[in-house]
Amino acid sequence: MQGLPRRDAPRFSLVGVVWDDPDTELRGLVQVRTRSADTGKWSAWQDVETHNLEHAADPDTDERTSGRVRGSTAPLWVGESDGVEVRVQAKLDEADGRAVTGGPLLPSGLRLELVDPGEEPPPQGPELAAPNAASLTAESAAASAVNADLAPLGATTIPELTRQQTQEDFLATRGIEGAEGAATNPYIGPRPRIVTRRGWGADESLRERDFSYTKSVRAAFVHHSATGNNYRCSQAASVIRSIYRYHVKSSGWRDIGYNFLVDKCGNIYEGRAGGVTKPVKGAHTLGFNSNSMGIAVLGSFGGTNPPGAAVQGVAQLTAWKLGLYGANPAGKTYLKSGGGNLFPKGQNVRLDVISGHRDGFATECPGARLYAKLHQARTTSARYQGR
């Protein structure tokens, strides 16, 4: 066992453990306890999800082979804290006392990451929806510009539309109007309200400046963030900023891995930069990041039921985004594997259009309780599309 005894630390709200080799899995137990910055009391020991290898860019991609990527646990939200203690124990083989991987007891270069979510964004409201473009940095302006057809430059939210408005907008962008448009019934759900990256306070200088796209969005993979359930919806932006920093600064990814995030109240947040209507390539489901999107529900749902509002948020988001690409949320599709532990590279795999992470990679994600709700999400999403 290795560990870190109780010690003071600069204030932080999220913790994780990283190591040198991203292809090495930490097969064992990681636990932390933290001291509340408000009360001074120490928490009980909390488990940190160690199986994070599957949340990553596909093999042989530029993001994966950049040389910056590290192995990492899932991040754990602990709230504002100023003290920490950690213990890490490998799972041993009974025969020879070595790690079950047959390698060293623990990956080399283990270190603790303490993440401060950074400054809160300004309060959201109509008066902040269209700030002076001159007030934006080059990075934040670039991130805002990819959504400029949906909301003013620098908007903190993209407003919701009715299903009819969404369909009319969709047809207009394709030059279909008048009688031809009236006779066309695209299966697209109403556009939900989406909090933009500016809305949750993304520091755009952290990520790589370029955007990465695939050809289409044929499927959605649902995840849980495995960050725990001890957050309030008013803290969701802080949780997302912390995950973003952990993915980029701690794990070495180009940006936050998920395309969208949904909190326990059903609020929807823009994830990886590049445009909410566009087929942005994420790093969420190893082997299946092309032509798909990743949606993370904030929380841990192995033994806890996901709130109904969160499942509803997934249904609303998929009805709209999948509808833009003609995908039926209750249907099936084929994706070509980029390589993983379930399907070899190059295999065409038949998947639910709304799949759980575990459908593409051998993992517990999105947790048994959330996975059990995906049928409900598919049915509701298809109904929103008018199917």
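Residues numbered from 1 in each chain as written. Predicted model: local features only at pLDDT ≥ 70, side-chain atom pairs only at ≥ 80, totals over all residues. Heavy atoms only, no water.

Asker: Talk me through the pairing of strand β1 (residues 2-19); I want residue IDs and the actual numbers.
Answerer: Where β1 meets strand β5 (residues 76-90), 8 bridges bridge the pair, whose relative direction is antiparallel. For Leu14, the partnering residue across the bridge sits in β5 and is Trp77. As paired elements, β1 and strand β6 (residues 111-115) share 5 bridges and run antiparallel to each other. Bridge pairing links Val18 to Arg111 in β6. Judged from the 2 bridges that link them, β1 and strand β4 (residues 71-72) form a sheet pairing that is antiparallel. Within β4, the position partnered with Trp19 by the bridge is Gly71. (Pairing = 2+ DSSP bridges. Helix = DSSP H or I, 4+ residues; strand = E, 2+ residues; numbered from the N terminus.)

Asker: If you had to explain the environment of Ser43 to someone new, which residues and values would you point to?
Answerer: Residue placement: Ser43 occurs in the loop between β2 (28-36) and β3 (46-48). Considering only alpha carbons, one finds Ser43 and Arg33, 10 residues apart in sequence, at a separation of 5.4 Å.

Asker: Lay out the state of the cysteines in plain terms, naming residues and giving numbers.
Answerer: Taken as a whole and assessed by the stated rule, the structure comprises 1 disulfide. Across the disulfide, Cys233 is cross-linked to Cys265 (sulfur-sulfur distance 2.1 Å). Taking the sign of the S-S torsion, 100° for the link of Cys233 and Cys265, the bridge is right-handed. Remark: Cys265 occurs in the loop between β10 (260-262) and β11 (268-270) and Cys233 occurs in the loop between β9 (219-224) and α5 (236-250); sequence separation between them is 32 residues. (Disulfide = S-S within 2.5 Å.)

Asker: Talk me through the pattern of salt bridges; I want residue IDs and the actual numbers.
Answerer: A side chain of one charge can pair with a side chain of the opposite charge if their charged atoms are brought near each other. Under the criterion given, the structure shown has 16 salt bridges. When the shortest N-O distance is used, the salt bridge between Arg33 and Glu85 registers 2.9 Å. Residue Arg33 is found in strand β2, and its partner Glu85 is found in strand β5; the two are separated by 52 residues along the sequence. Put simply, Arg197, Glu204, Arg207 and Asp255 are held in one network by salt bridges that share partners. (Salt bridge = Lys/Arg side-chain N within 4 Å of Asp/Glu carboxyl O.)

Asker: Which residues make up the pairing of strand β13 (residues 332-336), and what values go with them?
Answerer: Two faces, one strand: in a regular strand the side chains alternate between the faces of the sheet. The side-chain alternation of β13 yields one buried face, formed by Thr333 and Leu335, and one unburied face, formed by Lys332, Tyr334 and Lys336. With 5 bridges connecting them, β13 and strand β14 (residues 348-352) associate as antiparallel partners. The residue of β14 that forms the bridge with Tyr334 is Arg350. (Buried < 20%, exposed > 50% of the residue type's maximum accessible area, 1.4 Å probe, protein only.)

Asker: Requested: an account of the packing of helix α6 (residues 308-324) against helix α8 (residues 374-384), with residues and values cited.
Answerer: Two elements in contact, α6 and α8, have axes whose closest approach is 8 Å; the angle formed by their N-to-C orientations is 45°. In this view, α6 runs oblique relative to α8, as classed from their interaxial angle. For α6 against α8, the interelement crossing comes out right-handed. Counting all contacts with α6, which are made through Val311, Gln312, Val314, Ala315, Gln316, Thr318 and Ala319, the residues of α8 involved are Gln376, Ala377, Thr380, Ser381 and Tyr384. Of the residues assigned to the contact of α6 with α8, the class counts are 6 nonpolar, 6 polar and no charged. (Axes fitted to C-alpha atoms, helices over the stretch in contact; angles between N-to-C directions. Parallel < 35°, antiparallel > 145°, perpendicular 65-115°, else oblique. Left-handed = near helix turned anticlockwise from the far one by under 90°. Contact = heavy atoms within 4.5 Å. Nonpolar A, V, L, I, M, F, W, Y, C, P; charged D, E, K, R; others polar.)

Asker: Quick rundown of the sheet that holds β11? Include the residues and the values.
Answerer: Pairing in this open sheet of 7 strands is mixed, and the strands run β7-β8-β11-β10-β12-β9-β15 from one edge to the other. Looking along the sheet, the strands with just one partner apiece sit at the ends: β7 (157-158) and β15 (354-356). Pairing of β9 with β15 involves 3 bridges; the strand directions are parallel. Counted as the bridge partner of Ala220 is Ile354 from β15. Contacting β8 (194-195), β9, β10, β11, β12 (292-297) and β15, α6 runs over the sheet at an angle of about 165° to β12.

Asker: Which residues make up helix α1 (residues 138-145), and what are the values?
Answerer: Within the span of α1, buried status applies to Ser140, Ala143 and Ser144. On an axial view of α1, the arc spanned by its buried residues comes to 100°, and they lie on one face. (Arc of directions from axis to C-beta.)

Asker: Would you mind going over the side chain of Asp82 in detail, with residue names and values included?
Answerer: Mapped onto the elements of the fold, Asp82 is located in strand β5. Here Arg35 takes part through its side chain, which lies 2.8 Å from a polar atom of the side chain of Asp82. Those residues within four positions of Asp82 in sequence are excluded, and the remaining contacts are Arg7, Asp8, Ala9, Arg11, Phe12, Arg35, Ser36 and Ala37. (Polar contact = N/O pair within 3.5 Å; in protein donor to acceptor, adjacent residues only side chain to side chain.)

Asker: Explain the nonpolar core to me, and be specific about the residues and the numbers.
Answerer: Core analysis: the largest hydrophobic core is formed by 32 residues, its most contacted members being Phe260, Ile295 and Leu322. The set of elements that each furnish at least two residues to this core consists of α2 (163-173), β9, β10, β12, α6 and α8. Considering every element that reaches this core, the biggest residue donor is α6, with 7 residues. If we skip the residues at most four places from it in the chain, Leu322 touches Val217, Arg218, Ala219, Ala220, Met293, Ala327, Pro329, Val353, Ile354 and Gln385. Counting 23 residues, the second largest nonpolar core, distinct from the first, contains Val195, Ala202, Ile243 and Tyr244. (Core = buried A, V, L, I, M, F, W, Y, C linked by side-chain atoms within 4.5 Å.)

Asker: Outline the confidence of the model for the protein chain, supporting the account with residue identities and numerical values.
Answerer: Summarising the model, the protein chain shows a mean pLDDT of 90, and 90% of its residues fall at 70 or more. Here residues 99-103 scores under 50 on pLDDT; set against residues more than four positions off or in separate chains, the count is 12 contacts. (pLDDT = per-residue confidence, 0-100.)

Asker: Which residues make up unusual backbone geometry, and what values do they have?
Answerer: The omega torsion across Cys365 and Pro366 is 15°, close enough to zero to call that bond cis. Structurally, Pro366 is set in the loop between β15 and α7 (368-371). Here the phi dihedral of Asn291 falls at roughly 60°; this positive angle occurs in a residue that is not glycine. For Asn291, the location among the structural elements is in the loop between β11 and β12. By relative accessible area, Asn291 is classed as buried at 14%.

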